[in-house]
Amino acid sequence: MFYQPQEDTARMRGAFRHTDREEGDRSRSDFIHKAVMAEVERREQKYNGGKPFPDLEAGSIPCGRPLGE
């Protein structure tokens, strides 16, 4: 789970709904997965020589908004 401003969520829904057939998205989860993996691959290229970073166990990174936001 992640948090984002409502305006960004509404914008994401619009982009998904207006392009899902053309892009072959089966669901919003599919759309979000593709977007996240594109960013993962970009960071692997930029910071790790194009190789995957070591896996981390679930729960090893805090989730949710930082306090004060």
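Points about the pattern of salt bridges
- Within this structure, the stated rule accounts for 5 salt bridges.
- In this structure, Arg17 engages Asp20 in a salt bridge whose closest nitrogen and oxygen atoms are separated by 3.3 Å. Pair noted here: Arg17 and Asp20 are both in helix H1 (residues 6-23), with a separation of 3 residues, about one helical turn.
- For the salt bridge of Asp30 with Arg26, the shortest nitrogen-to-oxygen distance reads 3.7 Å.
- A relative accessible area of 13% means that Asp30 is categorised as buried.
- Because the salt bridges share partners, they merge into one network encompassing Glu39, Arg42 and Arg43.

So, the side chain of Glu44
- In this structure, Glu44 sits in helix H2 (residues 28-47).
- One buried charged residue, Glu44, remains without a salt bridge, the closest side chain of opposite sign being Arg43 at 10 Å.
- Residue contacts for Glu44: discarding those within four places in its chain leaves Gly49, Gly50, Lys51, Pro52 and Phe53.

A word on H2
- In this model H2 runs 28 Å from its N-terminal to its C-terminal C-alpha over 20 residues, within 8% of the 28 Å that 1.5 Å per residue would give.
- For H2, the set of buried residues is Asp30, Phe31 and Glu44. Burial along H2 is one-sided: seen end-on, the buried residues are contained in an arc of 155°. In H2, the exposed positions that point more than 90 degrees away from the buried face belong to Ser29, Lys46 and Tyr47.

Observations regarding the layout of surface pockets
- Taken as a whole, the largest pocket holds about 510 Å³ of empty space.
- The wall of the largest pocket is formed by 18 residues, among which Val36, Val40, Leu56, Ser60 and Ile61 lie closest to the centre.
- For the lining of the largest pocket, a count of residues per class yields 10 nonpolar, 3 polar and 5 charged.

Regarding H1
- Between the first and last C-alpha of H1 there are 24 Å, a value that for 18 residues agrees with the 26 Å anticipated at 1.5 Å per step.
- At Arg17, H1 shows its maximal bend, which comes to roughly 40°.
- Thr9, Met12, Phe16 and Asp20 are the residues of H1 that are buried.
- The inward-facing, buried residues of H1 abut H2.
- Phi turns positive one or two residues past the end of H1, at Gly24, with a value near 75°.

Rules and cut-offs
Residues numbered from 1 in each chain as written. Predicted model: local features only at pLDDT ≥ 70, side-chain atom pairs only at ≥ 80, totals over all residues. Heavy atoms only, no water. Salt bridge = Lys/Arg side-chain N within 4 Å of Asp/Glu carboxyl O. Helix = DSSP H or I, 4+ residues; strand = E, 2+ residues; numbered from the N terminus. Buried < 20%, exposed > 50% of the residue type's maximum accessible area, 1.4 Å probe, protein only. Lys, Arg positive; Asp, Glu negative; His and termini not counted. Contact = heavy atoms within 4.5 Å. Expected span 1.5 Å × (residues − 1). Arc of directions from axis to C-beta. 1 Å grid on protein atoms, 1.4 Å probe; cavity = no way out; pocket = protein on both sides within 12 Å on 5 of 7 lines; lining within 4 Å. Points joined across faces, edges and corners; volume = space filled by probe spheres on them. Nonpolar A, V, L, I, M, F, W, Y, C, P; charged D, E, K, R; others polar. Bend = angle between axes of the 7 residues up to and from the residue.

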